[in-house]
Amino acid sequence: SSGINAEYGQSNFYFLEMNTRLQVEHPITECITGVDIVEEMLRVAAGKPLSYTQDDIGIKGWAVECRVYAEDPVRYLPSIGLLTKYIEPSVAENTADDGVRCDSGIVEGSSISIHYDPMICKLVTFAPTRREAIRKMEAALDDYVIDGITHNTPLLREILGNEAFLSGNVNTKFLEEEYPGGFSGAPLTTSQRAELYPALVALHHNKANRAAGPESYKYVVTGDGEERGEVTVTVSKDGTCAVSLEGQTVTVTPQGGIHEPLQKFTLDGGREVTLQQLEFNGVTHSIRYRCCRKDFTIVTPLQQRFMDAMPEKPVVDTSNLLLSPMPGSVSMISVEEGDEVLEGTEVAVIVAMKMNNSLKAPKSGKIKKIWASVGDVVDGDQKILEFH
C-alpha cells in the first residue's frame, strides 16, 4: 500500500502492511502443481534454498475450492454454536491426480464463537478436467455433515450447478446478478423431485415399517412447498423397493444402515442419491438434499385424511418486535422506553465476529419495552425492542 501527498506535489510512498502469509486459496496451487508450499516456506525460514526452480513447476489438471462458513447463506450473517455432528468428506480414494482435500481446524464438539472468523474449512477437489473437479465437489458437499450451526453449503452447492458458473461466465457481481433477491434456497427441479421422492420414501418405509413384509404400501408425501404426491412402495425380500410416483416406477436400493447420518441410495441400478438425516419423528423427516434442508411429512392415506381435518396453527405476529439478526453481544441501546422513533433510526448495535452491526427501527412508533441490555449476549431472532 502507498500514500501520495498530491497537495504539496510530493509522492511519498509508505508500506502500511506487508501480508507475508499464505493466501486462503493456496491449496488450489498445491493441488495442480504438486508443490507443498508450506514445506517450502519452512525450508526457507530454516535458511535452506527452495527445492524447486520455476522450470520444475508445471500445471496439471483442475482444482476447485469452497470456503465453508458458519454463515446464513440467505442473509450472509454469521452463525454461532456447538457442532453437534461433524463428518468430513472421505479422502480414502484420493490419488495424485484426483481427490478431495479438507483443510479444517475443528472437530465434532467444537464451538463457533462470536469472537473469531466463522470459517469452518477450505474444501478442495481436484481432477483432470474442470467439470470432473466440479462434480467431485458436488459429491463432497453432499457427503459433508455439519449440524448444530447454520452454514453456507446450500449456496455453494447451488452455485456449482449454475449455468453461468459452469460456462465460466462469472465476475465480481455474480451473486448480485444471479440471485438479485438474495439466495433463499434452491427449489426442486422435475428431475430432482423424481430422484428425491423415491429415495426419501424408501428411507421412510425402512425406518417406520422395519418389520413389514414384502408387499405394497401407500404413502402421501407433503412438504417444502411441493405438490402433494401419492406414492406406492413395493418391497422385495432383498430389501430393494419399487417406488411408483406419477406413473413412473423406480427401483431403489438402500446402501448401509438406516441410522447412519448419510443415507445413500442407488436408483435403477445406476444413479446414486445422497440424503443427510437430520430429524425423524415417525411422520416428519428433516433432511438435507443437495445440501439444502427440506422438511417432509410422509403418512398413510388414512393419516392424511385426519391431518387435513385438523385446524391450522395460527402464525405469531412479530411485526412490533425488533429481533437480533444474528448471535452476538449488545454494545449499544440508543433509545429508552417511551421514546418516539422514525423508521430507519439506529436503535441498537450488536457486535459479532469483531464487527458492529447497526439495528434500525423497522417502523415509526413509540418504544414499548426494551428486552435487552448493553453487555447481553443474545441469540439470533432474540427480542431486542418492542414497539407500540
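Provided above is the structure to which this section pertains.
A short tour of the structure in this document, coming up. Since the structure is predicted, the reported quantities are computational estimates derived from the model, not experimental observations. (Residues numbered from 1 in each chain as written. Predicted model: local features only at pLDDT ≥ 70, side-chain atom pairs only at ≥ 80, totals over all residues. Heavy atoms only, no water.)

## Re the overall build of the chain
Turning to step 1, where the next piece is worked out: Looking only at helices and strands, one finds 8 helices and 25 strands in the chain.
Turning to step 2, where the next piece is worked out: By principal-axis analysis of the C-alpha atoms, the chain measures approximately 85 × 70 × 40 Å.
Turning to step 3, where the next piece is worked out: Buried residues in the chain amount to 39% of all 388 residues.
Turning to step 4, where the next piece is worked out: If you take every contact in the chain between residues at least 6 apart in sequence, the share linking residues at least 24 apart comes to 56%.
Turning to step 5, where the next piece is worked out: Once the 36 positive and 55 negative side-chain charges of the chain are each reduced to a mean point, those two points are 4 Å apart. (Helix = DSSP H or I, 4+ residues; strand = E, 2+ residues; numbered from the N terminus. Buried < 20%, exposed > 50% of the residue type's maximum accessible area, 1.4 Å probe, protein only. Contact = heavy atoms within 4.5 Å. Lys, Arg positive; Asp, Glu negative; His and termini not counted. Charge placed at Lys NZ, Arg CZ, Asp CG, Glu CD.)

## Describing the sheet that holds strand β8 (residues 119–127)
Turning to step 1, where the next piece is worked out: The strand order across the open sheet formed by 3 strands is β1-β8-β6, and the pairing between neighbours is antiparallel. The sheet is open, and its two borders are formed by β1 (62–69) and β6 (99–104), each paired with just one other strand. Shown here is a sheet whose adjacent strand axes are inclined to one another by a mean of 15°, direction ignored.
Turning to step 2, where the next piece is worked out: In the sheet, β1 pairs with β8 via 8 bridges, with the strands oriented antiparallel. Bridged to Ala63 within β8 is Phe126.
Turning to step 3, where the next piece is worked out: Against the sheet, helix α1 (residues 26–33) contacts β1, β6 and β8, and its axis sits at roughly 155° relative to β1. (Pairing = 2+ DSSP bridges. Axes fitted to C-alpha atoms, helices over the stretch in contact; angles between N-to-C directions.)

## Description of the pairing of strand β17 (residues 292–299)
Turning to step 1, where the next piece is worked out: In terms of burial, β17 is largely enclosed, as 6 of its 8 residues are buried.
Turning to step 2, where the next piece is worked out: As paired strands, strand β10 (residues 216–223) and β17 are joined by 4 bridges and run antiparallel to one another. The partner of Thr222 across the bridge, within β17, is Thr297.
Turning to step 3, where the next piece is worked out: With 6 bridges joining them, strand β16 (residues 284–289) and β17 adopt antiparallel strand pairing. Across the sheet, His285 pairs through a bridge with Phe296, a residue of β17.
Turning to step 4, where the next piece is worked out: Hairpin connection, β16 to β17: the antiparallel pair is bridged by 2 residues, and Arg290 has positive phi, about 55°.

## Observations concerning the packing of aromatic side chains
Turning to step 1, where the next piece is worked out: One pass over the structure, following the stated rule, counts 4 aromatic pairs.
Turning to step 2, where the next piece is worked out: Geometrically, the ring pair formed by Tyr179 and Phe183 is edge-to-face, given 5.8 Å between the ring centres and 90° between the ring planes. Each member of the pair, Tyr179 as well as Phe183, is classed as buried.
Turning to step 3, where the next piece is worked out: Between the aromatic rings of Tyr197 and Phe296, the centroid separation amounts to 5.7 Å while the plane-to-plane angle is 85°, which identifies the pairing as edge-to-face. Highlighted residues: Tyr197 in helix α7 (residues 190–208) and Phe296 in strand β17, separated in sequence by 99 residues.
Turning to step 4, where the next piece is worked out: Members of the aromatic cluster, each reached through a chain of ring pairs, are Phe174, Tyr179 and Phe183.
Turning to step 5, where the next piece is worked out: Lying over the aromatic face of Trp371, Lys369 brings its terminal NZ or CZ to 5.0 Å of the ring centre.
Turning to step 6, where the next piece is worked out: Note that Lys383 overlies the ring of Trp371, its terminal NZ or CZ placed 3.6 Å from the centroid. (Phe/Tyr/Trp six-rings, centres within 6.5 Å; stacked < 30°, edge-to-face > 60°. Lys NZ or Arg CZ within 6 Å of the ring centre and 35° of its normal.)

## Focus: the nonpolar core
Turning to step 1, where the next piece is worked out: Formed by 34 residues in total, the largest nonpolar core has its most connected members in Tyr86, Ile120, Leu123 and Tyr144.
Turning to step 2, where the next piece is worked out: Of all the elements in the fold, those that place two or more residues in this core are β1, β6, β8, α3 (130–142), α4 (153–160) and α5 (163–167).
Turning to step 3, where the next piece is worked out: Per-element accounting of this core gives the leading share, 5 residues, to α3.
Turning to step 4, where the next piece is worked out: Setting aside anything within four residues of it in sequence, one finds Tyr144 in contact with Val68, Tyr86, Ile87, Glu88, Pro89, Cys102, Ile120, Cys121, Leu123 and Gln276.
Turning to step 5, where the next piece is worked out: Judged by nonpolar contacts, the second largest core, of 27 residues, contains Ala199, Cys241, Val250 and Leu267. (Core = buried A, V, L, I, M, F, W, Y, C linked by side-chain atoms within 4.5 Å.)

## A word on α1
Turning to step 1, where the next piece is worked out: Most of α1 is tucked away: 6 of the 8 residues are buried.
Turning to step 2, where the next piece is worked out: Within the sequence span of α1, burial applies to His26, Pro27, Ile28, Glu30, Cys31 and Ile32.
Turning to step 3, where the next piece is worked out: In the core, the buried residues of α1 are packed alongside α2 (37–45), β1, β6 and β8.
Turning to step 4, where the next piece is worked out: Two residues or fewer past α1, Gly34 is found with a positive phi of approximately 80°.

## Some remarks on the sheet that holds strand β24 (residues 377–378)
Turning to step 1, where the next piece is worked out: Pairing in this open sheet of 4 strands is antiparallel, and the strands run β22-β21-β19-β24 from one edge to the other. Looking at the sheet topology across the chains shown, the edges are occupied by β22 (355–360) and β24.

## Description of the side chain of Glu40
Turning to step 1, where the next piece is worked out: Within the element layout of this structure, Glu40 appears in helix α2.
Turning to step 2, where the next piece is worked out: Put simply, Glu40 is tucked away with no salt bridge, and the nearest opposite charge, on Arg43, sits 4.0 Å away.
Turning to step 3, where the next piece is worked out: In this structure, Glu40 is in contact with Val35, Leu50, Ser51 and Tyr52, ignoring residues within four places of it in sequence. (Salt bridge = Lys/Arg side-chain N within 4 Å of Asp/Glu carboxyl O.)

## Focus: the pattern of salt bridges
Two side chains with opposite charge may pair up if their charged atoms get near one another.
Turning to step 1, where the next piece is worked out: Inspection of the entire model under this criterion finds 15 salt bridges.
Turning to step 2, where the next piece is worked out: A salt bridge links Asp98 to Lys136, with the nearest nitrogen and oxygen atoms 2.8 Å apart. In this pair, Asp98 is assigned in the loop between β5 (85–87) and β6 and Lys136 in helix α3, connecting sequence segments 38 residues apart.
Turning to step 3, where the next piece is worked out: Judged by its relative accessible area of 22%, Asp98 falls in the partly exposed class.
Turning to step 4, where the next piece is worked out: Overall, Lys136 belongs to the partly exposed group, its relative accessible area being 26%.
Turning to step 5, where the next piece is worked out: It is possible to trace a salt-bridge network through shared partners that takes in Glu30, Arg101 and Asp103.

## Brief notes about α3
Turning to step 1, where the next piece is worked out: Under the 1.5 Å per step criterion, the end-to-end length of α3 is 19 Å for 13 residues, consistent within 8% with the ideal 18 Å.
Turning to step 2, where the next piece is worked out: Every buried residue of α3 is accounted for by Ala133, Ile134, Met137, Glu138, Ala140, Leu141 and Asp142. (Expected span 1.5 Å × (residues − 1).)

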